Amino acid sequence: MTVHCEVAEGVGTVRLDRPPMNALDIATQDRLLELAGELTRRTDVRAVVIWGGEKVFAAGADIKEMRDMDHAGMIARSRALQDAFTAVARIPKPVVAAVTGYALGGGCELALCADFRIAADNARLGQPEILLGLIPGAGGTQRLARLIGPSKAKDLIFTGRQVKADEALALGLVDRVVPAAEVYEQAHAWAAKLAAGPAIALRAAKEAVDAGLETDIDTGLAIERNWFAGLFATEDREIGMRSFVEDGPGKAKFV
């Protein structure tokens, strides 16, 4: 297997394992699609960490594999590629990317599918597809622009340049920079904290934000309103409000 999954403390860790650079070949893409569906369904998984190991997150697609594909072949494959990454982005639970070393091309696009990105101080991120005469094809032109804005996204996509962790943080491409040895530990801790939260409300929050970004403000507000009202039917809402009244904020134990 090129991707493994382990569960601890309610957190599912998706571990890329295709040394030396975790190149995202077709088998890896298909495995990510499979795991995204599994993690979505599993009730014992309440948050997810995507990790490439201590040395590298993912240095991009498997160029040798792609080189042998013609136009017709890529037309057939490109949808499956996007579907795999979209499945990760749509896991209805908090997802954090633990980024060490290179996260380039498809690796950067995979990190973009997470809700939160913790990067090592040695991380380097970028979309270098233009240097191959291509553009990002796994969501990079869309998710990157939505995350950091169109002009900054175009800078990275047009030039293909890599950015170090400090610049990635300044751009908003990553959310936290920590020593390389602490990346997975901090990512897992962040995910474990959320895994103890109200699962349905977290799902609602993620869907409201993500779906709202794809539409106009009035439709976004309707999405928010429907989820907000719907949560009043959940046991977690009863627990949270009762705990707040009786014990003060932040002490609820959700089920």
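See the structure printed just above.
On a predicted model such as this, the values are computed, not experimentally measured, just so you know.

Bringing the pattern of salt bridges into the picture now. In the structure shown here, the tally under the stated rule is eleven salt bridges. Of the charged contacts, one joins R42 and E38 as a salt bridge, the two residues approaching to 3.3 Å between their closest N and O atoms.

Helix 6 (residues 150-159) packs onto helix 5 (residues 140-148) with a crossing angle of 135° between their chain directions and a minimal axis gap of 7 Å. In this view, helix 5 runs oblique relative to helix 6, as classed from their interaxial angle. Crossing angle aside, the handedness with which helix 5 passes helix 6 is right-handed. For the pair helix 5 and helix 6, contact is made by G140, T141, L144, A145 and I148 and by P150, K152, A153, L156 and I157, respectively. Looking at the contact of helix 5 with helix 6 residue by residue, the classes come out as seven nonpolar, two polar and one charged.

Moving on to the sheet that holds strand 5 (residues 102-104). Reading across from one edge, 5-7-8 is the order of the three strands in this open sheet, with mixed pairing throughout. Edge strands, defined here as strands with exactly one partner in the open sheet, are strand 5 and strand 8 (162-164). Recorded for the sheet is a direction-independent mean angle of 20° between the axes of neighbouring strands. Here strand 7 (residues 124-126) runs beside strand 8; their pairing, made up of three bridges, is antiparallel. Within the sheet, the bridge partner assigned to G126 lies in strand 8 and is Q162.

Counted under the stated rule, the structure contains three aromatic pairs. Between the aromatic rings of F116 and W190, the centroid separation amounts to 4.8 Å while the plane-to-plane angle is 10°, which identifies the pairing as stacked. Here F116 is found in strand 6 (residues 116-120), whereas its partner W190 is found in helix 8 (residues 183-195), with 74 residues between them in sequence. Exposure remark for F116: the relative accessible area of 16% places this residue in the buried category. Over the aromatic face of W51 sits the side chain of R15, whose NZ or CZ is 5.2 Å from the ring centroid.

Okay, the sheet that holds strand 2 (residues 11-16) next. Ordered in space as 1-2-3-4-6-9, the six strands form an open sheet in which the pairing is mixed. This sheet does not close on itself; its edge strands, each paired only once, are strand 1 (3-8) and strand 9 (176-178). Neighbour-to-neighbour, the strand axes of this sheet turn through a mean angle of 20°, independent of strand direction. Relative to strand 4 (residues 95-99), strand 3 (residues 47-51) runs parallel, the two sharing four bridges. Looking at strand 4, one finds that V49 is bridged to V96.

Definitions and cut-offs
Residues numbered from 1 in each chain as written. Predicted model: local features only at pLDDT ≥ 70, side-chain atom pairs only at ≥ 80, totals over all residues. Heavy atoms only, no water. Salt bridge = Lys/Arg side-chain N within 4 Å of Asp/Glu carboxyl O. Axes fitted to C-alpha atoms, helices over the stretch in contact; angles between N-to-C directions. Helix = DSSP H or I, 4+ residues; strand = E, 2+ residues; numbered from the N terminus. Parallel < 35°, antiparallel > 145°, perpendicular 65-115°, else oblique. Left-handed = near helix turned anticlockwise from the far one by under 90°. Contact = heavy atoms within 4.5 Å. Nonpolar A, V, L, I, M, F, W, Y, C, P; charged D, E, K, R; others polar. Pairing = 2+ DSSP bridges. Phe/Tyr/Trp six-rings, centres within 6.5 Å; stacked < 30°, edge-to-face > 60°. Buried < 20%, exposed > 50% of the residue type's maximum accessible area, 1.4 Å probe, protein only. Lys NZ or Arg CZ within 6 Å of the ring centre and 35° of its normal.

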